[in-house]
Structure formats: structure tokens, C-alpha cells
Amino acid sequence: MATERTLSIIKPDAVKKNVIGQIFAMYEAAGLRIAATRKTFLTKAQAQAFYAVHAERPFYNSLVEFMTSGPVVVSVLEGADAIKKNREVMGATNPAQAAEGTIRKKFADSIEANAVHGSDAPETAAVEVAFFFPASEIY
Ligand code: IDP
Ligand code: MG
């Protein structure tokens, strides 16, 4: 299995719940290393750009509002098969469908306020990692 990097965002709902450490522990228990991390507060322009792929979706404006409603924690996770492994530990987009033991089952409130973001493929992971971190800040 290839060593990969993927982007995680702990979303405003989970940051408000004070569960950053619990989510980091779930990444680490899944064999993912935190290669870079930063707490930040997305501007509207940043949230719009990050989710530009969803611009035509009915939930886009609401998603941008939500993602700018409080601070987030952006991280680069690294490990064998990291992109897929992170999607597994995250759980389904809709927490009502998320498996037991996943981050979204444990911490998500709704299909929108669903605790975490994770890149979905190698191409998007590369773009999303570079969106937040220069190579010199990833270890
Ligand atoms: P993902 O985060 O599991 O990859 P995507 O389909 O890429 O899910 O959607 C991006 C984000 O948009 C979701 O994590 C969630 O916050 C929000 N979202 C997705 N579908 C809906 C919806 O039907 N209503 C409201 N928000 C949604
Ligand atoms: Mg997605």
C-alpha cells in the first residue's frame, strides 16, 4: 500500500464540542499520523473556493455559512492508504448512515454539520493539502 497524504478538517461543530483531541486520537488509532495541523477561521472566500466543486448544489450557500460559523482545525494525515483509511474512520456523510465507531457516528449532528472533512481521491487530496499547507510545513 502506498504512503499517502490526505486533508482533514475538523469542522466548526466538532471544534465547538471540544473534541479535537478525541478526533486526533481516532486518526492515530487508525494508523494515521498528523503530519501538519493548524487551527484557523475560514473566510467566506476560502470556504467558497474550498467547496467550489459543490457550487451548483442546493446546500452550497448553507455549507459555506456553516464552515465560516467558527474556527476549524485543518490537518494533513499521512499513512498507508491514508485517503481511504480516513474516509473509513470518518463514516458516511449522513451521520444517520454512519457506522458504529466512526467519527461522524460519534460526533456529527446532521448531514451538514458532520464533524469532519476528508479528501476523497489522490487528485483532490493533493489540491486540498496544498490549499492549506506549503510543503515546508508538512513533516
Ligand atoms: P463528504 O464530506 O462525505 O465527502 P460531500 O458529498 O463531498 O460529502 O459533501 C461535502 C459536504 O457538504 C458534507 O460533508 C456536508 O457538510 C455537506 N453536505 C453534503 N450533502 C448535504 C446535504 O444534502 N445537505 C446539507 N449539506 C450537505
Ligand atoms: Mg467530499
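Above this text is the structure in question.
Since this is a predicted model, take the numbers as computed values, not measurements.

**Side note on the environment of Gln22**
At step 1: Secondary-structure assignment places Gln22 in helix α2 (residues 20–29).
At step 2: Along the sequence, Gln22 and Glu65 sit 43 residues apart, while their C-alpha atoms lie 25 Å from each other.

**A few points about the packing of aromatic side chains**
At step 1: With the rule as written, the count across this model stands at five aromatic pairs.
At step 2: Seen from their ring centres, Phe24 and Tyr27 are 6.5 Å apart, and the 35° between their planes marks the pair as tilted. Of this pair, Phe24 and Tyr27 both sit in helix α2, three residues apart, roughly one helical turn.
At step 3: Judged by its relative accessible area of 0%, Tyr27 is buried.
At step 4: Each ring, one from Phe131 and one from Phe132, has its centre 4.8 Å from the other, and the planes form 65°; the classification is edge-to-face.

**Quick look at the side chain of Ser119**
At step 1: Mapping Ser119 onto the fold places it in the loop between β4 (116–118) and α7 (122–132).
At step 2: Note on Ser119: relative accessible area 0%, which makes it buried.
At step 3: At 3.5 Å, the side chain of Ser119 forms a polar contact with the side chain of Thr6.
At step 4: Within the structure, Ser119 has its side chain in polar contact with the side chain of Glu128 (distance 2.7 Å).

**Description of the layout of surface pockets**
At step 1: Approximately 620 Å³ is the volume found for the largest pocket.
At step 2: If you trace the largest pocket, you find 25 residues lining it, with Tyr51, Val53, His54, Leu63 and His117 closest to the centre.
At step 3: Elements with a minimum of two residues in the lining of the largest pocket: α3 (44–50), α5 (82–90), β4 and α7.
At step 4: A total of four residues in the lining of the largest pocket trace back to one element, the largest contributor, which is α7.
At step 5: Residue composition of the lining of the largest pocket, by class: eleven nonpolar, seven polar and seven charged.

**Considering helix α4 (residues 60–67)**
At step 1: Among the residues of α4, Tyr60, Leu63, Val64, Phe66 and Met67 are the ones counted as buried. For α4, the buried positions fall inside an angular range of 160° around the axis, keeping them on one side. Away from its buried face by more than 90 degrees, α4 exposes Asn61 and Glu65.

Cut-offs applied
Residues numbered from 1 in each chain as written. Chains lettered and ligands numbered in written order. Predicted model: local features only at pLDDT ≥ 70, side-chain atom pairs only at ≥ 80, totals over all residues. Heavy atoms only, no water. Helix = DSSP H or I, 4+ residues; strand = E, 2+ residues; numbered from the N terminus. Phe/Tyr/Trp six-rings, centres within 6.5 Å; stacked < 30°, edge-to-face > 60°. Buried < 20%, exposed > 50% of the residue type's maximum accessible area, 1.4 Å probe, protein only. Polar contact = N/O pair within 3.5 Å; in protein donor to acceptor, adjacent residues only side chain to side chain. 1 Å grid on protein atoms, 1.4 Å probe; cavity = no way out; pocket = protein on both sides within 12 Å on 5 of 7 lines; lining within 4 Å. Points joined across faces, edges and corners; volume = space filled by probe spheres on them. Nonpolar A, V, L, I, M, F, W, Y, C, P; charged D, E, K, R; others polar. Arc of directions from axis to C-beta.

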